[in-house]
Every structure is written in structure tokens, then in C-alpha cells.
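# Observations on the three-dimensional arrangement
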Amino acid sequence: MEKKLPKLKRLCAVNDISGFGKCSLTVALPVVSATGVECACIPTALLSTHTGEFTGWTRCDLTDQMLPIARHWARLGIDFDGIYSGYLASPEQALAVEELIGTIAGPETLVIVDPAMADNGEFYAGFDESMAEAFRRLCARADIITPNVTEAAMLAGLDYEPPPHSLDYIKRLFCGLEDRARQYVAITGVHPADGVIATYLRDCSTGETTGSLSEALPGMFYGAGDILSSALAALLVRGAHISEALDAASSLVRESIRRTYRRGTPRPYGLDFEGALPEYMRRVEHIFIREGETAW
Ligand code: PXL
């Protein structure tokens, strides 16, 4: 008889499907699975592409499906180790996420919210301050939030400052966000100096701050935030320590960006993370390998 395997951890990703452009669910599904975590999903909208740089995209809003899906799962008695929300199509969807957390989360369910609504000092197409207000409420339900610098400034009610981002500015962002999430705030896409990109993480209960720094390649890389948040969410749900989760997630993004750059993939097409997954999975294996058991 082969040895029994432990129960798979299960994450619910609440995010849109942009059919083309490698972001949201088309990133969350493979990245969460590559972490050895089951990825259930509640699609919030169906778009032909993401809304950055592309024009003429199609969109079908799925708000009216979100709670019925969650209620069906609750009736089936399906439990979740984590709920991770990313890009949402409207402030109403943020309210629906709050309600679905109440419907499918248990006391131990980790809630990760990526308040994806803006970048480079500007809201994404179709969003305004009402989206920031809705995310402020939703973030208060989250154990960990992963805003980029623009989103962090919006949530904290501070002005956006373009790069280079001084440590004083990052500290002010953290101070403004300390009461926004229950435990961790990870600010992504920080440019502390020319040619450097970083994610800084604050443990709100201890005030301890750590960072993961990489070489920055020029230009905008769509989907980088989604890869980082998906990996971080799955690693934490699986029980990784926050610092090893941040390191592994950051190196997946770093390697995906390098590959995209080397291949010359058009930026709106998303990151070439596929070839970076094998090394990521080796890292995951290293984190979770236990005496006498495999990580998978
Ligand atoms: O990667 C964030 C994202 C996700 N989904 C949609 C988007 C964006 C960013 O522009 O437009 C539809």
C-alpha cells in the first residue's frame, strides 16, 4: 500500500478572466497550481484582454454570479484555506467579495487582497475614487494586502510620488496603511533607486519591515503584480514563512521579467512566466519538503 498523502490546501481566487494578456486568472491558476495548492475560482468578469494599452476590449460583468457560486460551495460544505482577490470590475464587486468571504471563509481561512486598481499614479481605465473607497473597506478584512506604490498612496490618502521612492516615503505609506490590513502589508513596484525594483513588507503587529530587491529592467511589465500576489498567496496558504514566501514569489517575478525582456515579448502581452515555473517549483519543493515526504 502506498503511503497516504496529506489533504491539499485549497485557495479560492476571485479575479477576472482576461482572455489574452496573461494577468488575473490566467496567471493565478497556473501559479497557484505550481505551488502545489488547489485553485478554485470565482470569475468576476470576462474580458477579451486586460485594459492596459489595449483598446476596444470586450467585457461581460459577472457580478451576479459571484455570490450564487459562493453559496453553492457553502451548501456543498467545501472549505477554503485561503481566499485571494485581485482586479475587480467595480466597487460593487468589492462588496460582493466581502460578502463571499463571510459565506465561504472559516476562522482559519487566510484572506489576501490585491487592491488592483491603479499604477503609475493613475487609476486603471474606468475606475475612480469610489474604487479606492471600496478597496479600503475590503482591505480591512484581509490578513495581507499587496498594493503597488500608487495603490498604497491611494489607500493611505497620500499623494503619489514618482520614482525614486525614498525610504521616508515608503515609511509614510506603511504608516498610512498600518490599520488597513490585519497583519501584513506588501508594497510592490517600489523603485528605491535607478535600476532597482523592490517589494517591501511590513508586519503590522510588530512593525518589522523587510524588503526584496532586484535589478529593474526598463519599462512597464503587465501582470507582474498578479504573479507576485498569486505566488505569495499560495505560498502563505501552504504554510510558508512570510520571508521565504516573499523571496520565492519575488524570484518568480524577477525570472519571468528577464525572460520577457530577452524574448522581446510585447509588454501588453504579459510576462513569460512559463519557463520560470520549473525553477519556482524547485524552490517550492525546497520550502515544503518534509522528512520522509515529498513536497507534492
Ligand atoms: O493585472 C491587473 C489587471 C487585471 N485585469 C484587468 C486589468 C488589469 C490591469 O490593467 O485591466 C482586466
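The text that follows walks through the structure, step by step, so that each part is easy to find. Per chain, residue numbering runs from 1 following the sequence as it is written. In keeping with the model being predicted, local features are shown solely for residues with a pLDDT of at least 70 and side-chain atom pairs are shown and tallied solely at 80 or more, while totals for entire chains, interfaces and linings include all residues. As a convention, hydrogens and water are excluded, and side-chain values are obtained from all of the structure's heavy atoms.

As a rule of thumb, non-glycine residues mostly have phi less than zero, and peptide bonds are mostly trans rather than cis. Omega for the bond connecting Pro-163 with Pro-164 falls within 30 degrees of zero, at -5°, which places this linkage in the cis form. Counting from the N terminus, the helices are the DSSP runs of H or I reaching at least four residues and the strands are the DSSP runs of E reaching at least two. Mapped onto the secondary structure, Pro-164 falls in the loop between α5 (149-156) and α6 (167-177). We note that Lys-22 has phi near 40°; this positive angle belongs to a residue other than glycine. Considering the arrangement of structural elements, one finds Lys-22 in the loop between β1 (10-20) and α1 (24-34). Of note, Glu-53 is a non-glycine position whose phi angle comes to about 70°, a positive value. Along the chain, Glu-53 falls in the loop between β2 (38-49) and β3 (59-61).

Close to the ligand lie Asp-16, Ser-18, Cys-23, Ser-24, Leu-47, His-50, Thr-51, Gly-52, Tyr-87, Tyr-124 and Asp-226. Definition of a polar contact: a pair of N or O atoms within 3.5 Å, with one able to donate and the other able to accept a hydrogen when the atoms are protein atoms, and with sequence-neighbouring residues admitted only if both atoms are side-chain atoms. One of the side-chain N or O atoms of Thr-51 is found 2.7 Å from an oxygen atom in the ligand. Only the protein chains shown count as cover for residues, and all accessible areas are computed by the Shrake-Rupley method using a 1.4 Å probe. In isolation the ligand offers 310 Å² of accessible surface; the protein chains occlude 95% of this area. Charged residues are taken to be Asp, Glu, Lys and Arg, nonpolar residues to be Ala, Val, Leu, Ile, Met, Phe, Trp, Tyr, Cys and Pro, and polar residues to be all remaining types, Gly included. Looking at the shell around the ligand residue by residue, the classes come out as four nonpolar, five polar and two charged. For each residue, the test is whether any non-hydrogen atom lies within 4 Å of the molecule or strand; if one does, the residue is near.

A few words now on the pattern of salt bridges. Definition used for salt bridges: Asp or Glu carboxyl oxygen within 4 Å of a side-chain nitrogen of Lys or Arg. Following the criterion strictly, the structure yields 15 salt bridges and no others. A salt bridge links Glu-98 to Arg-137, with the nearest nitrogen and oxygen atoms 2.9 Å apart. Remark: Arg-137 occurs in helix α4 (residues 129-139) and Glu-98 occurs in helix α3 (residues 91-104); sequence separation between them is 39 residues. Among the ionic pairs, Asp-272 bridges to Arg-263, the shortest N-O distance being 2.8 Å. Relative accessibility thresholds used throughout: buried, under 20% of the residue-type maximum; exposed, over 50%; partly exposed, between the two (1.4 Å probe, protein chains only). Residue class for Asp-272 comes out buried when judged on its relative accessible area of 7%. Salt bridges linked by common partners bring Lys-7, Arg-10, Glu-38 and Asp-79 together as one network.

A few words on the pairing of strand β5 (residues 105-113). Each regular strand carries side chains that alternate between the two faces of the sheet. Two strands pair when backbone bridges link them, and strand β4 (residues 80-85) and β5 are joined in this way by five bridges, in the parallel orientation. Bridged to Tyr-84 within β5 is Ile-112. Read from β4 through α3 to β5, the crossover connection turns out right-handed. Relative to strand β8 (residues 144-145), β5 is paired through two bridges, and the arrangement is parallel. Residue Ile-112 lies in a different strand from β8, and its bridge partner there is Ile-144. In short, DSSP must find at least two bridges between two strands for them to pair. The handedness of a crossover follows from its direction of travel: if, with the strands pointing away from the viewer, the path from the first strand over the helix to the second runs clockwise, the crossover is right-handed.

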